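# Summary of the model geometry
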Amino acid sequence: MLQPACKRILLKLSGEALMGPEAFGYHCDTMAGIVAQIKEVVELGVQVGIVVGGGNLFRGATGALAGMNRVTADSMGMLATVMNALALKDALEAVGIEVRVQTAVAITHVGEPFERDAAVRHLQAGRVVIFGGGTGNPFFTTDTASALRGAEIGADLMLKATKVDGVYTADPKKDPSATRYETLSFDEAIARNLGVLDTAAFALCREQGLPLAVFSIFKSGALKRVVMGESEGTRVIL
């Protein structure tokens, strides 16, 4: 039997991924599909850390644009990511996966405070660890939180799950001639302003030597194919 190409991964899920076709909140069938893909790689023996966004419930930047103080808006966004972490935990546990939630902001009755060594011990014990609360600081996105947690836990690969099956030369919905990159360097991705991650997240991945895979979470079996090292999505490498 072929072995996974990764021992430990950090999976970034957007809040929007959890709402599927809905305009807000959660879509049960979409959640079930995502959970099935995560279970598939857990059963391969891959250690899985997850950072989840909060855009299906509240986005700090949007609140700030509406006139809210940015620090307050970002704090609300962090709480939205904790809510999503709990929802994902519940869905994973329903299919028999052991999960721990760690939060960057202290909410001890719903999750453990983030602590790197404890997170690694959970991963080594076969538990999925979901990191909520972003970085715990305003002005930083959950992309940056993903790069940070990935580096802290010593992940072999950071995976960004999107609605699109990789990184394209242009928006494929607007430009039918757009082509998908098989591989990119971090320098190319930053210079071309491709918008896959924010610049801080790209820079942190590059500095820490953490490769990135961008793929569609809505393609059946795509997460497993990435983890197995098969051709799926786009790889961003040093």
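Notes on the structure follow.

About the cut-offs
- Residues numbered from 1 in each chain as written.
- Predicted model: local features only at pLDDT ≥ 70, side-chain atom pairs only at ≥ 80, totals over all residues.
- Heavy atoms only, no water.
- Pairing = 2+ DSSP bridges.
- Helix = DSSP H or I, 4+ residues; strand = E, 2+ residues; numbered from the N terminus.
- Patch = residues over 30% accessible without salt bridge, like charges linked within 9 Å, V, L, I, M, F, W, Y side chains within 5 Å.
- Areas by Shrake-Rupley, 256 points an atom, 1.4 Å probe, with all protein chains shown as cover.
- Salt bridge = Lys/Arg side-chain N within 4 Å of Asp/Glu carboxyl O.
- Buried < 20%, exposed > 50% of the residue type's maximum accessible area, 1.4 Å probe, protein only.
- Core = buried A, V, L, I, M, F, W, Y, C linked by side-chain atoms within 4.5 Å.
- Contact = heavy atoms within 4.5 Å.
- Expected span 1.5 Å × (residues − 1).
- Polar contact = N/O pair within 3.5 Å; in protein donor to acceptor, adjacent residues only side chain to side chain.
- Axes fitted to C-alpha atoms, helices over the stretch in contact; angles between N-to-C directions.
- Parallel < 35°, antiparallel > 145°, perpendicular 65-115°, else oblique.
- Left-handed = near helix turned anticlockwise from the far one by under 90°.
- Nonpolar A, V, L, I, M, F, W, Y, C, P; charged D, E, K, R; others polar.
- Phe/Tyr/Trp six-rings, centres within 6.5 Å; stacked < 30°, edge-to-face > 60°.
- Lys NZ or Arg CZ within 6 Å of the ring centre and 35° of its normal.

On the basis of which strands lie adjacent, the open sheet formed by nine strands has the order β4-β3-β5-β2-β1-β6-β8-β9-β7 and mixed pairing. Two strands lie at the open edges of the sheet, namely β4 (112-113) and β7 (183-185), each paired on one side alone. By the bridge criterion, three bridges tie strand β8 (residues 212-216) to strand β9 (residues 234-237) in an arrangement that is antiparallel. For L212, the partnering residue across the bridge sits in β9 and is V236.

Attention now goes to a nonpolar patch on the surface. A contiguous nonpolar patch, built from V71, F139 and F140 and spanning about 300 Å² of accessible area, is present on the exposed surface. Looking at where F139 falls in the secondary structure, it is placed in the loop between β5 (128-132) and α6 (142-152). We classify F139 as exposed; its relative accessible area is 52%.

The biggest cluster of nonpolar side chains holds 38 residues, and the ones touching the most others in it are L13, I50, L92 and I130. In terms of residue count, the dominant contributor to this core is helix α2 (residues 28-42) (six residues). Those residues within four positions of L92 in sequence are excluded, and the remaining contacts are V35, I38, I50, I97, V99, V128 and I130. Membership of the second largest hydrophobic core comes to 27 residues, among which are A119, A145, A189 and L210.

For helix α4 (residues 70-93), which comprises 24 residues, the first-to-last C-alpha distance of 35 Å matches the rise-based estimate of 34 Å (1.5 Å per residue) to within 8%. The opening residue of α4 is N69, an N-cap whose side-chain oxygen sits 2.9 Å from the backbone nitrogen of V71.

The interhelical angle for the contact between α2 and α4, taken along N-to-C directions, is 65°, at an axis separation of 10 Å. Relative to α4, the element α2 lies roughly perpendicular. As α2 packs across α4, the resulting crossing turns out to be right-handed. Taken together, the residues of α4 that come into contact with α2 (itself represented by M31, V35 and I38) are A87, L88, A91 and L92. Taken together, the residues that form the contact of α2 with α4 break down as seven nonpolar, no polar and no charged.

This structure, assessed with the given rule, holds two aromatic pairs. Ring geometry for F114 and F131: centres 5.7 Å apart, planes at 75°, overall edge-to-face. Here F114, found in the loop between β4 and α5 (116-124), pairs with F131, found in strand β5; they are 17 residues apart in sequence, far enough to count as distant. Seen from their ring centres, F186 and F202 are 6.0 Å apart, and the 75° between their planes marks the pair as edge-to-face. Pair noted here: F186 is in helix α7 (residues 186-191) and F202 is in helix α8 (residues 199-208), with a separation of 16 residues, a long-range link. Residue F186 is classed as buried on the basis of its relative accessible area of 1%. F202 gets classed as buried once you look at its relative accessible area, which sits at 2%. Lying across the ring of F114, R149 places its NZ or CZ 3.7 Å from the centre.

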